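Below are the chains, spelled out letter by letter.
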There are 2 protein chains.
Amino acid sequence: MTPLKHIAESTVRRLSAYLRFLEDFEAQGHQTISSGELAAQGGTTSAQVRKDLSFFGSFGKRGLGYSVHALATSLRTILGLGREWRVIIVGAGKIGAALAQYRGFRERGFTVVGVYDVDATRLGRALDGNVVRDQTELEDDIHRLKPEMALLAVPAEAAQPLVDRLAKAGIRAILNFAPTPLVAPANVTVRSVNMALELEILSYALVNEKE
Amino acid sequence: MTPLKHIAESTVRRLSAYLRFLEDFEAQGHQTISSGELAAQGGTTSAQVRKDLSFFGSFGKRGLGYSVHALATSLRTILGLGREWRVIIVGAGKIGAALAQYRGFRERGFTVVGVYDVDATRLGRALDGNVVRDQTELEDDIHRLKPEMALLAVPAEAAQPLVDRLAKAGIRAILNFAPTPLVAPANVTVRSVNMALELEILSYALVNEKE
DNA sequence: AAGTGTGAATGCGTTCACAGCA
DNA sequence: TGCTGTGAACGCATTCACACTT
């Protein structure tokens, strides 16, 4: 079940999508599913589904398809979702606060264990189960609560120094919402979500394509 | 300046990144820049920068580099950012409200001209310049205000019907935050931002890669 | 000398096509 | 027969290498 080689991000994305659909499908009482049915969902092809899975092993039965339950379990193991992940949120502005209260994270096994800010006027504010704490507590709290991931929702200028601090304190995965490129040590994975950039890609599409 | 063929999304993403940096660089008073300097910023290569630009024309001077100002202007034209885009936000929950107040959009030329929800308790709430309106007003408002884009920040079940309504009302670009796959007519571009999925990719990275 | 612009080579993800098993 | 699993073919994005320009 462990891949021999590096797996493309596009493959990991699709595996997540398959898992989501398998969970729905299982809730509907289905026992078995074919690569074609799985593909139709996410707008891909049956060959793509089989290839994606083949990197990790053989999960199906020829002529029959896949056990919905067993495949979902395997995908959870592959993706590391058989457990709870603890995340902290750095930055309690509009975006940070919205993320702290986002239901979708808990539903997928991500628990927010701390929210931090520099701004004194934001400290103490309750966001679901968390109270906004001062960012000076970051290092102590990371050692105490041992979160695995951090969400960065701070202004662009503040992002890089925080990445350095988080990396030093032992965080190994960061999801960045600040619109700026970041560098991190090799053992820290940083992903960025840039919402204005997504709109710019839509802008390009409106101006250039599909006419 | 118009591309002969289809341009890869990865190229468009990088063009946006180049433009951001060029604007900073220009603000610092620089007149000229080389592909290598531009590349160092976004963590790419000088060859990549030159190739990306080459799809749209020749913007540099051999032996010299690019005029910062002229290249920024060209990129804005290519990306369709020489203008203001009007966007509406559908869904005024935590995420929708945060998006409605996000500074980064206005800074990049995206103006929120309307915010909508179904929930009566949210109607009338002021979010920066906008008041949350009832979703039944959507069609009338689209015809009146002529927004080009919509941000969808509603629960997964509500997303697809809204895509259908928005498409029918004339919206041709949608940025979706609901964690569900969507289908739309060919003349409507839909992009999705799925925050739980981003965390799942980080989960995969922690469990599998970089050890 | 410095740095662009671009055809050619490479590498990689997707699609194809079919052998193999239930 | 039906559908999986996978090597081979394909197509596309990235990288290379160098001719060309200032």
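Residues numbered from 1 in each chain as written. Chains lettered and ligands numbered in written order. Predicted model: local features only at pLDDT ≥ 70, side-chain atom pairs only at ≥ 80, totals over all residues. Heavy atoms only, no water.

Peer 1: Could you give an account of the protein's contact with DNA strand C, naming the residues involved and the relevant values?
Peer 2: By nearness alone, 23 residues border DNA strand C, and Arg 14 of chain A together with Ser 35, Arg 50, Gly 63 and Tyr 66 of chain B come closest of all. When atoms of DNA strand C within 4 Å of the protein are sorted by moiety, sugar and phosphate together comprise 62%. The separation between a base nitrogen of DNA strand C and a polar side-chain atom of Arg 50 of chain B is 2.7 Å. In this structure, Phe 59 of chain B approaches DNA strand C through a main-chain N or O atom, which is 3.1 Å from a phosphate oxygen. Breaking the surface near DNA strand C down by element, the ones donating at least two residues are α1 (9-27) and α3 (46-54) of chain A together with α3 (46-54), β2 (60-61) and β3 (65-67) of chain B. Partitioning the surface near DNA strand C into residue classes produces 5 nonpolar, 10 polar and 8 charged. (Near = heavy atom within 4 Å. Polar contact = N/O pair within 3.5 Å; in protein donor to acceptor, adjacent residues only side chain to side chain. Helix = DSSP H or I, 4+ residues; strand = E, 2+ residues; numbered from the N terminus. Nonpolar A, V, L, I, M, F, W, Y, C, P; charged D, E, K, R; others polar.)

Peer 1: Describe the domain arrangement of chain A, and please don't skip the residues or the numbers.
Peer 2: Each assigned domain of chain A is listed here: domain 1 (9-79) and domain 2 (85-197). Using C-alpha coordinates to define each centre, domain 1 of chain A is positioned 32 Å away from domain 2 of chain A. (Domains from an automatic or database assignment.)

Peer 1: Before we move on, could you go through the packing of aromatic side chains and cite the residues and values that matter?
Peer 2: To describe a pair of aromatic rings, you give the distance between the ring centres and the angle between the ring planes. Tallied over the full model, the rule gives 6 aromatic pairs over all chains. Arranged with centres 5.3 Å apart and planes meeting at 35°, the rings of Phe 21 of chain A and Phe 25 of chain A form a pair that is tilted. You can see Phe 21 of chain A and its partner Phe 25 of chain A sitting in helix α1, 4 residues apart, about one turn around the helix. Across from the ring centre of Trp 85 of chain B, 3.7 Å away, lies the NZ or CZ of Arg 83 of chain B, which sits over that ring. (Phe/Tyr/Trp six-rings, centres within 6.5 Å; stacked < 30°, edge-to-face > 60°. Lys NZ or Arg CZ within 6 Å of the ring centre and 35° of its normal.)

Peer 1: Lay out the interface of chain A and chain B in plain terms, naming residues and giving numbers.
Peer 2: The partner chain B presents 58 residues to the 58 residues of chain A that form the contact. Taken over both partners, the interface formed by chain A and chain B buries close to 5600 Å², and the fraction arising from carbon and sulfur atoms is 66%. Counting across the chain A and chain B interface gives 6 salt bridges. Close ionic contact of Arg 13 of chain A with Glu 198 of chain B constitutes a salt bridge, the shortest N to O distance being 3.3 Å. At the boundary of chain A with chain B, the tally comes to 20 residue pairs in polar contact (both at pLDDT 80 or more). Secondary structure elements with two or more residues in the side of chain A that touches chain B: α1, α4 (68-79), α5 (94-100), α6 (103-107), β8 (149-152), β9 (173-176), β10 (189-192) and α9 (195-208) of chain A. (Contact = heavy atoms within 4.5 Å. Buried area = accessible area lost by both parts, 1.4 Å probe. Salt bridge = Lys/Arg side-chain N within 4 Å of Asp/Glu carboxyl O.)

Peer 1: Give a detailed account of the pairing of strand β5 (residues 110-117) of chain A, specifying residues and quantitative values.
Peer 2: Residues in a regular strand point their side chains to alternate faces of the sheet. Residue and element names in this part refer to chain A. The element β5 is extensively covered by neighbouring structure, given that 7 of its 8 residues are classed as buried. Of the pairings in the sheet, the one linking strand β4 (residues 85-90) to β5 comprises 6 bridges and is parallel in character. Each residue of the ladder has a partner; that of Ile 89, found in β5, is Val 115. Sheet topology places β5 next to strand β7 (residues 130-134); 3 bridges connect them, and they run parallel. Within the sheet, the bridge partner assigned to Tyr 116 lies in β7 and is Arg 133. (Buried < 20%, exposed > 50% of the residue type's maximum accessible area, 1.4 Å probe, protein only. Pairing = 2+ DSSP bridges.)

Peer 1: Lay out the environment of Phe 56 of chain A in plain terms, naming residues and giving numbers.
Peer 2: Residue and element names in this part refer to chain A. When you line up the elements, Phe 56 lands in the loop between α3 and β2 (60-61). For Phe 56, a relative accessible area of 3% corresponds to the buried category. Put simply, Phe 56 and Val 113 are 57 residues apart on the chain and 32 Å apart in space, counted from C-alpha to C-alpha.

Peer 1: How would you explain the pattern of salt bridges if you had to name every residue and give the values?
Peer 2: Taken as a whole, this structure holds 30 salt bridges over all chains when the rule is applied. Linking Glu 200 of chain B and Arg 108 of chain A is a salt bridge whose minimum nitrogen-to-oxygen distance equals 2.7 Å. Here Glu 200 of chain B, found in helix α9 (residues 195-208), pairs with Arg 108 of chain A, found in the loop between α6 and β5, and the two come from separate chains. Exposure class is identical for Glu 200 of chain B and Arg 108 of chain A. Each is buried. A salt bridge links Asp 117 of chain B to Arg 122 of chain B; the nearest nitrogen and oxygen atoms lie 2.9 Å apart. Owing to a relative accessible area of 6%, Asp 117 of chain B belongs among the buried residues under this scheme. Assessed through its relative accessible area of 33%, Arg 122 of chain B is described here as partly exposed. Taken together, the salt bridges that share partners define one network made up of Glu 9, Arg 13 and Arg 191 of chain A together with Glu 198 of chain B.

Peer 1: Quick rundown of the relation of the copies chain A and chain B? Include the residues and the values.
Peer 2: Taken together, a rotation about one axis and a shift along it account for how the two chain copies relate. Each copy superposes on the other: chain A lies on chain B with an RMSD of 0.1 Å after a rotation of 180° and an axial shift of 0.0 Å. The symmetry that links the two subunits is that of a two-fold axis. In terms of C-alpha distance to the rotation axis, chain A has Ala 98 of chain A as its closest residue, with the C-alpha 3.3 Å off the axis. Same-surface contact between copies: 100% of interface residues of chain A are shared with the interface of chain B. (Least-squares fit on C-alpha atoms with pLDDT ≥ 70 in both.)

Peer 1: Please provide a residue-by-residue account of the protein's contact with DNA strand D, values included.
Peer 2: Near DNA strand D you find 23 residues, and of these Ser 35, Arg 50 and Tyr 66 of chain A together with Arg 14 and Arg 62 of chain B are the closest. Among the atoms of DNA strand D close to the protein, meaning within 4 Å, 59% are from sugar or phosphate groups. Contact between DNA strand D and Phe 59 of chain A: a phosphate oxygen at 3.1 Å from a main-chain N or O atom of the residue. Here a sugar or linking oxygen of DNA strand D sits 3.0 Å away from a polar atom, N or O, in the side chain of Arg 62 of chain A. Sorting the residues of the surface near DNA strand D by element identifies α3, β2 and β3 (65-67) of chain A together with α1 (9-27) and α3 of chain B as the ones contributing at least two each.

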